[in-house]
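# Close look at the chain arrangement
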Amino acid sequence: MVYQENLRIQTRQGPSFEDITSKINDVVSKSGIKQGIVNVFLSGTTAAILINENESGLKADLELLFEEIIPEKRKWNHNATWGEGNAHSHLRSLFIGGSLTIPLKQGSLTLGTWQSILLLELDVRSRERNLVITVIGA
Amino acid sequence: MVYQENLRIQTRQGPSFEDITSKINDVVSKSGIKQGIVNVFLSGTTAAILINENESGLKADLELLFEEIIPEKRKWNHNATWGEGNAHSHLRSLFIGGSLTIPLKQGSLTLGTWQSILLLELDVRSRERNLVITVIGA
Amino acid sequence: MVYQENLRIQTRQGPSFEDITSKINDVVSKSGIKQGIVNVFLSGTTAAILINENESGLKADLELLFEEIIPEKRKWNHNATWGEGNAHSHLRSLFIGGSLTIPLKQGSLTLGTWQSILLLELDVRSRERNLVITVIGA
């Protein structure tokens, strides 16, 4: 069995985080699939999907870390091409990735106590993001 | 067909590596599924799953690299929140990820000669880790 | 339904990029599967698979960034073991990863406008890479 649904998520200027755990759980419930996997795929190149603890200090730490190792203000070649000033957004997105696969058991995501699914906006402006959610199983 | 099993893996204080390739192969064998994919999912936020060469020099290099770009001893905000001193563990975990999907062909993982599946403990203490292994295919 | 195919891709000395989007689309077409997922898996430890914009400035930026945070010329332990001088290739590969899962809808990949699937060669020499493409769905 395959069930697929698109989600539209409004983000704020990056770096910013949206907790999408309950939205993914809702899709899983609607699918009627009890055991298998769900793939969360971001149709974009300047945001990312990750699983970790949704804690404000940790999110601030990630922003500081990004600014240190992949800083916004540098003479990036990509910014010379497009002038959007979001080369760092693409590069940060590359390292985290935008496709996540999570198991499904007895109709629920098998997330641990501290695991939340976070949509990480990395672009320099707010965006409406499109996610493709695919549930496969029995 | 869907087959699912949980694995409990005892780790040592991080950074440390456990080669779980043969354990995953065992689950694949038990599943009876010959062609498809296996998803290896870590139910935790301070460890990671990766595929690479299981070579001691390379593992030492990764530890040194982590300490350089995501050092343990820094005034991380997350450590101020919880006092567990493992903000760096979360951040390193974020960058590597904890969900891996591997193809299955003629009943075996299609790993290359040098590819091992490694559970990377990143927390400051030993842990018992829970992995959810999901095999999907025919 | 499961469909599986191997792709052989000739790369140039790394860092170098091969756009494999159309090749993956061809496999999806041949599979006859209309809705589900496709997993792209690299059987190697010194290259990576990523999705982002195929723009020359951005690719140059990634090369510069890699050289800064994971430099080629350093006394890496892995190079002392094997003498191939590609420890940095393994480490860069670890951070990006070599397994990607992409949804399939109405027989096509659900890639956004700017999303290309790139095989990133990270080794110090040209290689023939083996990819395992697995399509699962209905």
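These notes cover the structure that comes with them. (Residues numbered from 1 in each chain as written. Chains lettered and ligands numbered in written order. Predicted model: local features only at pLDDT ≥ 70, side-chain atom pairs only at ≥ 80, totals over all residues.)

## Things to note about the sheet that holds strand β4 (residues 47–52) of chain B
Residue and element names in this part refer to chain B. Spatial strand order, β2-β7-β4: 3 strands in an open sheet with antiparallel pairing. Edge positions in the open sheet fall to β2 (16–19) and β4, since each of these has one partner strand only. Each adjacent strand pair in this sheet contributes to an overall mean axis angle of 30 degrees, direction not counted. Pairing of β2 with strand β7 (residues 116–121), which is carried by 4 bridges, proceeds in the antiparallel orientation. Among the inter-strand pairings, Phe17 is bridged to a residue of β7, identified as Leu120. (Pairing = 2+ DSSP bridges. Helix = DSSP H or I, 4+ residues; strand = E, 2+ residues; numbered from the N terminus. Axes fitted to C-alpha atoms, helices over the stretch in contact; angles between N-to-C directions.)

## Some remarks on the pairing of strand β8 (residues 128–137) of chain B
Residue and element names in this part refer to chain B. The buried fraction of β8 amounts to 8 of the 10 residues, a majority that puts the element mostly inside the structure. Pairing geometry for strand β1 (residues 2–10) and β8, over 9 bridges, is antiparallel. Within β8, the position partnered with Glu5 by the bridge is Ile133. Note: strand β3 (residues 36–42) against β8, 7 bridges, orientation antiparallel. Bridging across to β8, Asn39 finds its partner in Thr134. (Buried ≥ 20, exposed ≤ 12 C-beta atoms within 10 Å, placed from the backbone.)

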